[in-house]
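# Reading the structure
Chain by chain, the residues:
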Amino acid sequence: MTGTRRHRAAGPLFVAPFLTLFLLLFLTPLGYAAYLSLFQSRLIGGTVFVGLDNYTQALGDPQLLHGLGRVALFFVIQVPVMLLLALLFALALDSGLLRLARVIRLGIFVPYAVPSVVAALMWGYLYGPDFGPFAQLSRKLDLPAPHFLSDGWMLGSLANIVTWEFVGYNMIILYAALRTIPHELYEAAAVDGAGAWRIAWSIKLPALRPALLLTLLFSVIGSFQLFNEPNLLMKIAPDVITSSYTANLYAYSLAFTGQQVNYAATVSFLLGLVIVVASYAVLLTANRRRTA
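Here's a quick rundown of the structure. Here the structure is a predicted model, which is why all the values come from computation and not from measurement.

### Notes on the overall build of the protein
The secondary structure content of the protein amounts to 13 helices and 2 strands. Over its C-alpha trace the protein gives a radius of gyration of 24 Å, far above what one expects of a compact globule, namely 19 Å for 292 residues. Overall size of the protein, expressed as C-alpha extent along the three principal axes, is 85 × 80 × 40 Å. Going through the 292 residues of the protein one by one, you find that 37% of them count as buried. Across the protein, the fraction of contacts at a sequence separation of at least 24, relative to all contacts at a separation of at least 6, is 65%. About 18,000 Å² of surface is accessible on the protein, with carbon and sulfur atoms providing 69% of the total. On the protein, the mean spot of the 18 positive side-chain charges and the mean spot of the 12 negative ones are 13 Å from each other.

Structure (structure tokens):
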């Protein structure tokens, strides 16, 4: 009985460090932010309890709504391109037809190892209308310089940076999922006369659905939390990227520039709710298609 009790006590002891850190670093700050969102700091009266007034204000805030709409458009444009490229690269590497496959795989993955701050600074230099290489090359060819940092091009420029950063990350997830498919399925399909394209369509793609769903969920979270890239490009294109360009950037600006900590906590909570709803919608749609 003593040994059994020790084994039963071992489980909670192993989980205790994670639960402690989860409580201190996630639940406690989350609870404190929820507490802050219920108050307002006023010139007369100081900090007062306002209940859900901050949430009512946020739901009608045009800056927040425009920021959410912008990141939703960013998600619709950028994520399909990124996941399609990651899928193509993963299938090409898994086919075994590429020479120097390890070098190619490493080359595609390396941009993910570059910090997003460095990537944004690097692409900001490449996009530069004065000293950027694209602008200089256009002048030498007597062509108009591309306006990568203009209002019409900015969302595509940001999408290009994020795609460059995360194609390799998503490719590794999909490639790892492909490597778990039993080779007996390929052999049986080959015996039945299936070619490489047929095997990819009928065996590999169906097996990749869970991995694709996982990458899509990660992309939902990442898209709506877009921050580093617009925050850095705002320094060189302040007329295009404002402090409310994305919802996450808006919350940051409210807290650290406008000193509106309570309202910033409210915006952050609403952004988290949007992410939860969007993620649930993706899961619900995927489950319906699977059962249909």
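On we go from here.
### Considering the packing of helix α7 (residues 154–179) against helix α10 (residues 209–224)
Viewed as axis vectors pointing N to C, α7 and α10 meet at an angle of 160°, and their least axial separation amounts to 9 Å. Classed by the angle they form, the pair α7 and α10 counts as roughly antiparallel. Between α7 and α10 lies a crossing of right-handed hand. The segment α7 lies against α10, with Tyr169, Asn170, Ile173, Leu174 and Ala177 engaging Ala211, Leu212, Leu214, Thr215 and Phe218.

### Focus on the packing of aromatic side chains
By the definition in use, this model includes 18 aromatic pairs. Judged by centre distance (5.6 Å) and plane angle (40°), the ring pair of Trp123 and Tyr127 falls under tilted. Of this pair, Trp123 and Tyr127 both sit in helix α5 (residues 116–127), 4 residues apart, roughly one helical turn. Exposure remark for Trp123: the relative accessible area of 14% places this residue in the buried category.

### Notes on the side chain of Glu229
With respect to the element layout, Glu229 can be found in helix α11 (residues 228–233). Of the side chains with opposite charge, Lys235 comes closest to the buried, unpaired Glu229, at an N-O distance of 12 Å. Filtering out sequence-adjacent residues up to four positions away, Glu229 remains in contact with Ser116, Ala120, Leu158, Ile161, Val162 and Glu165.

### Describing the nonpolar core
Formed by 46 residues in total, the largest nonpolar core has its most connected members in Leu64, Leu174, Leu208, Phe224 and Val267. Within the residue set of this core, elements represented by two or more residues are α2 (53–59), α3 (62–95), α7, α8 (183–191), α9 (196–207), α10, α12 (247–256) and α13 (261–291).

### Here's the deal with the pattern of salt bridges
The full count for this structure, using the stated rule, is 2 salt bridges. With its nearest N and O atoms 3.1 Å apart, the salt bridge here joins Asp94 to Arg179. Of this pair, Asp94 sits in helix α3 while Arg179 sits in helix α7; the two residues are 85 residues apart in sequence, bridging distant segments of the chain. Judged by its relative accessible area of 10%, Asp94 is buried. One network of salt bridges, in which partners are shared, links Asp94, Arg179 and Lys204.

Rules behind the numbers
- Residues numbered from 1 in each chain as written.
- Predicted model: local features only at pLDDT ≥ 70, side-chain atom pairs only at ≥ 80, totals over all residues.
- Heavy atoms only, no water.
- Helix = DSSP H or I, 4+ residues; strand = E, 2+ residues; numbered from the N terminus.
- Rg over C-alpha atoms; globule rule 2.2 N^0.38 Å.
- Buried < 20%, exposed > 50% of the residue type's maximum accessible area, 1.4 Å probe, protein only.
- Contact = heavy atoms within 4.5 Å.
- Areas by Shrake-Rupley, 256 points an atom, 1.4 Å probe, with all protein chains shown as cover.
- Lys, Arg positive; Asp, Glu negative; His and termini not counted.
- Charge placed at Lys NZ, Arg CZ, Asp CG, Glu CD.
- Axes fitted to C-alpha atoms, helices over the stretch in contact; angles between N-to-C directions.
- Parallel < 35°, antiparallel > 145°, perpendicular 65-115°, else oblique.
- Left-handed = near helix turned anticlockwise from the far one by under 90°.
- Phe/Tyr/Trp six-rings, centres within 6.5 Å; stacked < 30°, edge-to-face > 60°.
- Salt bridge = Lys/Arg side-chain N within 4 Å of Asp/Glu carboxyl O.
- Core = buried A, V, L, I, M, F, W, Y, C linked by side-chain atoms within 4.5 Å.

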